[in-house]
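Here's the letter readout for the chains.
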Amino acid sequence: MINISSLNKEFESRVRLGIMSVLMVNDWVDFSEMKNLLEITDGNMASHSNALEKANYIEVKKEFVGKKPKTSYRVTQSGRIAFTQHLDALEKLIGR
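Here is a short report on the structure shown in this document. (Residues numbered from 1 in each chain as written. Predicted model: local features only at pLDDT ≥ 70, side-chain atom pairs only at ≥ 80, totals over all residues. Heavy atoms only, no water.)

### Remarks on helix α3 (residues 42–54)
Put simply, the test is: Helix and strand definitions here come from DSSP, where helices need a minimum of 4 consecutive H or I residues and strands a minimum of 2 consecutive E residues; each element is numbered from the N-terminal end. In a helix, the anticipated span is given by 1.5 Å times the number of residues less one. The buried label applies to any residue whose accessible area, calculated with a 1.4 Å probe on protein chains only, is under 20% of its type's maximum; exposed applies above 50%, and partly exposed to all values in between. Directions are taken from the helix axis to each C-beta atom, and the arc is the one they span. Every residue pair with non-hydrogen atoms within 4.5 Å of one another is taken to be in contact.
In this model α3 runs 18 Å from its N-terminal to its C-terminal C-alpha over 13 residues, within 8% of the 18 Å that 1.5 Å per residue would give. Listed as buried for α3 are Met45, His48, Ser49, Ala51 and Leu52. One side of α3 holds all its buried residues, which, seen down the axis, span an arc of 155 degrees. Packing partners of the buried residues in α3 comprise α1 (14–24), α2 (31–38), β2 (58–65) and β3 (68–75). Where α3 terminates, the next one or two residues include Asn56, which has phi positive at roughly 65 degrees.

### A closer look at the pairing of β2
Our working rule: Being paired, for any two strands, means DSSP has found at least two bridges between them.
Across eight bridges, β2 lies against β3 in antiparallel orientation. Paired with Lys61 across the strands is Ser72, a residue of β3. If you look at the hairpin formed by β2 and β3, you'll find two residues sitting between the two strands, and Gly66 has a positive phi there, around 70 degrees.

### Some thoughts on the packing of aromatic side chains
What counts is decided by this rule: Here is the rule: rings of Phe, Tyr and Trp (six-membered ring for Trp) pair when centre to centre is within 6.5 Å. Planes less than 30 degrees apart are stacked, more than 60 are edge-to-face, and the remainder are tilted.
Evaluation of the coordinates by the stated rule reveals two aromatic pairs. Judged by centre distance (5.1 Å) and plane angle (85 degrees), the ring pair of Phe11 and Phe83 falls under edge-to-face. Taken as a pair, Phe11 in the segment before α1 and Phe83 in helix α4 (residues 77–93) lie far apart in primary sequence, 72 residues in all. Given a relative accessible area of 1%, Phe11 falls into the buried group. Through successive ring pairs, a cluster of aromatic residues spans Phe11, Tyr57 and Phe83.

### Comments concerning the pairing of β3
For strand β1 (residues 29–30) and β3, the ladder comprises two bridges, and the chain directions are antiparallel. Its bridge partner lying in β3, Val29 is registered against Tyr73.

The following block contains the structure:
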């Protein structure tokens, strides 16, 4: 029997899967770089990163570089654990 209740609802979106995948293998990634890597709009990036931040899965750092604002992201420890558990559940679902 397949138990899909172990999948994390926060990672159902392909954008959130993409954000977490990028952050799992990088220290800090800035807004523009992430948006370009995932080929998404500013609005998509902002709304999905906000949801992941509220879940405490990513950390957001806002700073100024010169006179320009810069937003960067990194995965939190709880985000790393939750995403790893989600991937493990997906692998079990496909029989690996």
